[in-house]
Each structure stands twice: as C-alpha cells, then as structure tokens.
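Observations on chain architecture
Listed here are the chains, written in short residue letters.
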Amino acid sequence: MKLICLAFLFLSLRNQICYGAPDDYDDYDEEEEPKEKNPPGQDKCNGIFLTYTFTERNKELPHVKNVTAQAWSFKSKATLVNTGLEELKGWKMFIRFQHREVLVSATNAILVDGAGDFPAKVEKGATLSGYPNTDLKTSVDTAGDLTKMSTEIEFTGTMFGLNEKAIPLPKSIRLANDGWKCPTLTTYRTFLTTCCHKDPKYKSLNQSAKGKYTPRQYGDVNLMYDVLKSYEGSYEAQVTIDNDGTLSRLDNWNLTWEWMRGEFIHSMRGAYTRRIEYSDCIFGLPGQYLKGFDFSQVMNCEKRPVISDLPLEKANDTEIGHIPNCCKNGSLVSPVMDENNARAVFQLRVYKLPPDTPKTVLYPPQRWNITSLVSAHYHCSAPVRVEPSAFPEATGTGAKTYAVASWQVVCNMTKPEKKRAKCCVSFTAYYSNGAVPCSTCACGCDDSQTDKCNPSSRAMLLPPDALLLPAVNRTAKIKAYAKLKKKPVPRAMPCPDNCVVSINWHVSSDHKAGWTARMTLFNWGETQFKDWYAAVELKKAASGYDDVYSFNGTKLVSPKNTIFFQGLKGLEYLIEIKNGSSDSKPKVPGKQQSVISFTKKKPEAINIRKGDGFPSKVFFNGAECALPDSLPSAATLLSSMPLLFFSAIAFLLITYPFHS
C-alpha cells in the first residue's frame, strides 16, 4: 500500500513539473526578472540626462614597470536621454578625458572640432555628435520611444597610467550645444551623471523662429551642402563656401570630408578632386553592387576626397566651370576687403549604394575640414540639417526654387597650437637697443633641423639689423650681441622660428599727446602674397588710432580694439624673397612698411613701455601670429649708444626700398 501511495505522489509531482502547476498554484509561480532601473537622477531630470560609464579595461603589451607608461585597452559607454519637453537638434557632447586616452572607435557618433578620424588622441577632450541619428526627440512626441529620444555610444580605446584597481573616469561630461548648461556633475565609482537644461538667459542672434529644422548658425567660414536634385541611386548637390569672418581668409583652399555610406563622386563642376581615380570603386562596395556601371568615367572614389578650386581661366568653361562664384584660384578674401570675392560655389553628382538608393534617402558627408596656405586653422562642426536653401528661379520671373534638403557646416578659426603658427612677430622700441624675437620653432621645426639646434631653448635677443637677414644668417650677429650684453651663449643655439612671414612692430615715439609705431612685413617664402592684409589688436590704445601712411587702415567695430591694414592700390603684393646682389650677399625678403600714428585721449591711462603700445594679437591673412614672450626693456644710455647707430641704419634699410 505504501509503495502505491509513493508512486501516485511521484506521478503527481512529475505532472506539475512537466506541464505546469494548476491554476490554484499561480501564487507560487517563479517571479519575473525585475526590469533594469534608470541611473540615479534620471527620473528627476527635466532636460538632457548624460551618463558616462566605465565598463572594463585590460593591460596591453608591452607590460612595463612604470605605472604611468603602462597602456590599457578600455571599454566604456555614454548615454544621452531627452527627459525634458524640448527636442534637441544636432546634439553634441563634450567629454574631458584625463588619462591620455586614444579613442579607437565609437558607435552612433563621430568626432568633430578637428579631432579627425579614429584612432584619435583625445587627452585634451573630445566633442562628439550623433550619426546617423542627430536629434533627441521628446517622450511626449514619441510616446516614450527610447530609440528616438536617446542615444548610446560605446567606446573602445587605449589609456595610460593608473594602477589595476583604479577606475579611469573622465574629468567631466557636458552638452556642447549652444545655450545649454550642465551645472551639476555627480560622480559614482564607475560612472558619471549630469542633468543639462536650457539656459533661460541665452539668446542667440542667429536663431530664427522655431520650426522643423535647426536654425542656421554663423561662424568664420560657413559651408552649405544643398541637394538640388534627387534620383533613384544618385543626386546632384551644390557646395557653397562663405568666408564671413572679419579676419578670416582662404588662399589655395582645400576642402575634405568623409563619405560614411559608400558614396562616390561621379562628376564635378566649379572645382576638382586632387586625385582622379576609380580603383576604390572597382575593388570596393560600389563594384559589388553596381555590376554594369562604367567606372572609367567616375571622377573620384576616395572615402576622403580632397577638393580644390578651379583656376580663374576655367570660369567660363561650359564643361567643368560656368557656375556663378566658381573658379577663383582658391582665394576667398575677408568680406571687409571685398564682399564679391568672399564666396566659392561648386556642384557635384553623387552616387549612392543600397540600402540608400531611394530618392528620399539622403545623407551628407561627415568630418568636414578646410585648409589653406598661410591662414588660420579651422575647426568645423558636423553637418546640421537646416531649412532648405532658396535660389532665384532661372527664368527671371522673381520666383524662388528650393533645395531638396540642406545641411550647414560651421568652421571657426582657432588659436594655433604652440610651435604651429604660420607667422611671427618681433618687438623693438626707440628706448631699447635690442629686438625681441618670437619664440623658438614658432612655426615648427623638423627632426633633421633640430640635430643642429635646440628646439626647447628660449629665443635669444637680436640686434635690430639682424631682422633684415634670413634666420640661417643671423647666428654671428646673435653671438656678437650676446657677448656685448655679457649674456651666455649656449652650445646649441636656439632653433629659428621657421616662419614664412614675419612682422616687426617698432614703437617709434611716445609723448603726452600721442605716440607712433612702425610696422614692417617680411616675406621669407618663395610665393608672393596678393591682396595681403594684417590686423593688430591693441587692448588699450586702439581707440586712439589716428592714421596710417603707406597702408590702408580701418578700425574695426568687431573684433573690438582691432585695426585692419591692407596694401594701397598698386601695392597689393607682398613679393617673395629674392637672391642677394652677389653669391656672398644674403637673400633679400619681400617687404612693406608704414608708420602708424595714435593719439592719447586719456594720457594717464596709456603706458606704452609697460605694454600698451604693443599688440596683444596680430593676424596676417587670417592666421594668428606668434608673439614674443617679453617686451623690449629700456637700456642704459651708456650701453645704448654703440647700438643706436646700428638701429638707425637697420630701419633705414628696411624703409628703402620697402615696396620692391
């Protein structure tokens, strides 16, 4: 009987396990796995909630004993969630890294502001923007659809230092969009969070009324990517480059971008790619998808094409030119000089690959960058979708046609990094017998050069007449001057500045009612500068600007305290360097010079010798120049006398002839 009962019990339990318990046993069902909770603070955030989370890291080869030199691979992720009531268009996120990080990859985002492609050194921080999804919609507009109101970025990279137990978090995270503030940063063991909200005091002069697209912004150089016609598998686009910065200038510009989805340039008018090749198409994805396509007629298949302007003589060419504002030899001057020569336009035919072949699927290229000869460095934003551009209708009826879609890229001038300037400034004064040069290697030094000089040594004072000589011919004068001044001469002399253009600012006089300066421009390069210009910022003394005698001069409203100079009619060229009159004579730079006069509206507020008579910033053709790290010092009368004669002779030589 016991055996029968045990058997019956076993069968009952077996049925419950195999086929589930009866309805009466619902209370004993296994509990559902709890849903993942939001990060602390997200539910209370009325704005954009940012999170950066460290995931893992592993020691990389080689393994070294020095902790600070040990490399680690790491993985982390960042999230942006729109927890507010306002859509964020074209989001940008800045991460302040602090462990010499090198980013190898990032999902759902691209690097902007000049960081370049992966791998990228981001030890000073990185700005990222969304791709392909650029906007963060609200919960209200999407019924809580996280795929539309949030973005998750997964990072892979390398970092250095820290022991094995330390958690390598960045120093800070924030939104980089204008008008947003992220005041509170909360740090946990493995992640950071912050809640960003719209600054109620922020008012953008560039923003239009709220609409479907992001309002247009304006910087030093503004680029528009307008799709004019869209077909199945291809489209026609127009690129417009507007040089809008008061001090900005582009000479022999080169424009680059990156195709993200396999696109290629079939043809172009108004500009050309530096390489005409189609091998990347044949051996890449285009060759796989477009089986019967004739790639021999394709202009360029590079992922990062380099695009340049056509020469002036191609402006009326019906095949590759014949577009308004095209073909200017790559020169876009400041609008202060000539508004008609501050714009460039070119058009291109772009082919797309599956799954982007429908005519309604349009993506602009990313990672834009523009470079020029002697000009500023520019950081460009990611393309932002804006209201379609309007164009006059071809028949002249006054009607307007509109682009199918338009994106804007904004590029702004940046201060050159140390030893990466493109021009330099020296200071001299009537009360000093020495010339203060700009810093060693101000415009860079190569490895072969530094074998013979010291790139880290401070630049040595010069006798004024040495400014007339090429850098390679100054050594003897520098040593003689140091001996006269009883200054030590290092075994390895400081390296020269290596700048193509140098500018001398000389304070000529100073009296109660006013003062004068002399500015001399030297071209040490082998290319002349047409329509050159220079700009000088004087923080205190600019308001007293009176006149300039051999240049055209204008005191600008913006930037403040800045005076704009350019060549007079017939003297627009700063010519190239010329050979000396004989083999034993040094080369002679191209040069121009003028005296500038100032009044003192409040004499007691201006102290010329303590710095008010010397520029705080100098620009040449849009490039910010390197300045000396000190001012001329007053010399004693006795020590000044032997060199006053040489100073006078030097500047007489500079003045005559200064236009040849």
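In this text, all values refer to a predicted model and were calculated from it rather than measured experimentally. Sequence order as written defines the numbering, with residues in each chain counted from 1. In keeping with the predicted nature of the model, local features appear solely for residues at pLDDT of at least 70, side-chain atom pairs appear and are counted solely at 80 or more, and the whole-chain, interface and lining totals rest on all residues. Neither water nor hydrogens contribute to the side-chain values; these are computed over all heavy atoms in the structure.

1. Concerning the overall build of the protein chain
- Helix numbering and strand numbering both begin at the N terminus, where a helix is a DSSP run of H or I of at least 4 residues and a strand a DSSP run of E of at least 2. Counting its secondary structure elements, the protein chain contains nine helices and 37 strands.
- The buried share of the protein chain, taken over its 660 residues, is 45%.
- Summarising the internal contacts of the protein chain: among those between residues at least 6 apart in sequence, 70% fall at separations of at least 24.
- Using a 1.4 Å probe, accessible areas were evaluated by the Shrake-Rupley method; residue-level cover was limited to the displayed protein chains. Surface exposure of the protein chain reaches about 35,400 Å², of which carbon and sulfur atoms provide 53%. Relative accessibility thresholds used throughout: buried, under 20% of the residue-type maximum; exposed, over 50%; partly exposed, between the two (1.4 Å probe, protein chains only). Only heavy atoms enter the contact rule, under which two residues are in contact if any of them lie within 4.5 Å.

2. Quick word on the sheet that holds strand β17 (residues 271-273)
- Two strands pair under a simple rule: DSSP has to find at least two bridges between them. Judged by pairing direction, the sheet is antiparallel, and its four strands sit side by side in the order β17-β18-β15-β20 without closing on themselves. Of all the strands in the sheet, the pair left with one neighbour each is β17 and β20 (366-371). In this sheet, neighbouring strand axes are inclined to one another by 25 degrees on average, regardless of whether the strands run parallel or antiparallel.
- Note: strand β15 (residues 254-258) against strand β18 (residues 306-309), three bridges, orientation antiparallel. Its bridge partner being in β18, N254 is matched across the sheet by S308. Lines fitted to C-alpha atoms define the axes here, with helix axes fitted over just the stretch in contact, and angles between the N-to-C directions of these axes take values from 0 to 180 degrees.

3. With respect to the packing of aromatic side chains
- Between the rings of Phe, Tyr and Trp (Trp by its six-membered ring), a pair exists once the centres lie within 6.5 Å; its type follows the angle of the planes, with under 30 degrees stacked, over 60 edge-to-face, and the other angles tilted. Throughout the structure, instances matching the rule amount to 25 aromatic pairs.
- When the ring of F293 is compared with that of Y351, the centres are 5.0 Å apart and the planes differ by 70 degrees; the resulting orientation is edge-to-face. Residue F293 is found in the loop between α5 (285-289) and β18, and its partner Y351 is found in strand β19 (residues 343-351); the two are separated by 58 residues along the sequence.
- Residue F293 is classed as partly exposed on the basis of its relative accessible area, which comes to 24%.

4. Structural notes on the state of the cysteines
- Disulfides are defined as cysteine sulfur pairs within 2.5 Å. On inspection of all chains with the given rule, the structure shows nine disulfides.
- A sulfur-sulfur separation of 1.9 Å characterises the disulfide bridge that pairs C281 with C301. Disulfide C281-C301: torsion about the S-S bond near -95 degrees, hence left-handed. Linking C281 in helix α4 (residues 279-282) with C301 in the loop between α5 and β18, this pair joins segments that are 20 residues apart in sequence.
- Owing to a relative accessible area of 1%, C281 belongs among the buried residues under this scheme.
- Taking relative accessible area as the criterion, C301 reaches 8% and is therefore assigned buried.

5. A closer look at the pairing of strand β4 (residues 102-106)
- With two bridges joining them, β4 and strand β6 (residues 120-121) adopt antiparallel strand pairing. For V102, the partnering residue across the bridge sits in β6 and is K121.

6. Some details on the pairing of strand β9 (residues 172-175)
- Here β9 shows one buried face, formed by I173 and L175, and one open face, formed by S172 and R174.
- Pairing of strand β3 (residues 92-96) with β9 involves four bridges; the strand directions are antiparallel. Along β9, the bridge assignment pairs R96 with S172.

7. Section: the environment of T83
- Along the chain, T83 turns up in the loop between β2 (71-82) and β3.
- On the basis of relative accessibility, which here comes to 25%, the residue T83 falls in the partly exposed class.
- Beyond its immediate chain neighbours, meaning those up to four positions away, T83 contacts Q42, C45, N46, G47, I48 and F49.

8. Considering empty space enclosed by the protein
- Grid points spaced at 1 Å and placed over the protein atoms alone form the basis of the search, with a cavity being a set where a 1.4 Å probe fits but cannot get out and a pocket an open set showing protein on both sides within 12 Å along at least five of seven lines. Lining residues have an atom within 4 Å of a point. Grid points are joined across faces, edges and corners, and a volume is the space filled by probe spheres set on the points. Under the definition given, this model contains one cavity of 30 Å³ or more.
- Each pocket or cavity is described by its volume, and for the largest cavity that value is around 40 Å³.
- Around the largest cavity, the lining residues are S375, A376, H377, T414, P416, R420, A421, K422, A623 and E624.
- Of the residues belonging to the lining of the largest cavity, the class tally is four nonpolar, three polar and three charged. Each residue is assigned to one of three groups, with Ala, Val, Leu, Ile, Met, Phe, Trp, Tyr, Cys and Pro labelled nonpolar, Asp, Glu, Lys and Arg labelled charged, and all others, Gly among them, labelled polar.

9. What about the pattern of salt bridges?
- One speaks of a salt bridge when a side-chain nitrogen belonging to Lys or Arg is within 4 Å of a carboxyl oxygen belonging to Asp or Glu. Inspection of the entire model under this criterion finds 18 salt bridges.
- As a salt-bridge pair, K77 and E152 come within 3.7 Å of each other at their nearest N and O atoms. Pair noted here: K77 is in strand β2 and E152 is in strand β8 (residues 150-160), with a separation of 75 residues, a long-range link.
- Residue K77 is classed as partly exposed on the basis of its relative accessible area of 32%.
- Among the ionic pairs, K415 bridges to E624, the shortest N-O distance being 3.0 Å. Of this pair, K415 sits in the loop between β25 (405-414) and β26 (423-429) while E624 sits in strand β37 (residues 623-624), and the two are 209 residues apart along the sequence.

10. Some thoughts on the side chain of Q593
- Looking at the element boundaries, Q593 is found in strand β35 (residues 590-599).
- The definition of a polar contact used here is a pair of N or O atoms within 3.5 Å, where within protein one atom must be able to donate a hydrogen and the other to accept one, and adjacent residues in sequence count solely through side-chain atom pairs. Within polar-contact distance, the side chain of Q593 engages the side chain of T520 at 2.8 Å.

11. With respect to the nonpolar core
- With 37 residues, the main nonpolar core has I503, W505, M519, L521, L538, F565 and F620 as its most contacted residues.
- Those elements that place two or more of their residues in this core are β26, β27 (501-510), β28 (514-523), β30 (533-537), β31 (545-548), β33 (562-567), β35 and β36 (617-620).
- We define a nonpolar core as any set of buried Ala, Val, Leu, Ile, Met, Phe, Trp, Tyr and Cys residues linked to one another through side-chain atoms lying within 4.5 Å. Judged by nonpolar contacts, the second largest core, of 33 residues, contains W259, F346, I370 and C411.

12. A closer look at the confidence of the model for the protein chain
- Here the protein chain averages 87 in pLDDT, and 88% of its residues register 70 or above.
- Residue-level confidence of the predictor is what pLDDT reports, using numbers from 0 through 100. Here residues 13-35 is modelled with pLDDT under 50, and outside its nearest four sequence neighbours on either side it reaches three contacts, counting other chains as well.
- Under a pLDDT of 50 for its full length, residues 636-660 has, in the predicted model, 36 contacts with residues more than four places off or in other chains.

13. A short note on helix α7 (residues 475-484)
- Those residues of α7 not exposed but buried are I478, Y481 and A482. The buried residues of α7 all sit within an arc of 100 degrees when viewed along its axis, so they share a single face. Of the exposed residues in α7, those oriented more than 90 degrees away from the buried face are A476 and K483.
- Looking at the residues trailing α7, positive phi occurs at K486, about 60 degrees. Regarding the arc, it is the one traced by the directions from the helix axis to the C-beta atoms.

14. Considering the sheet that holds β31
- As summarised here, the arrangement of the five strands in space is β26-β27-β28-β35-β31, forming an open sheet in which the pairing is mixed. Two strands lie at the open edges of the sheet, namely β26 and β31, each paired on one side alone. Neighbouring strand axes in the sheet, compared pairwise and without regard to direction, differ in orientation by 20 degrees on average.
- Of the pairings in the sheet, the one linking β28 to β35 comprises ten bridges and is antiparallel in character.

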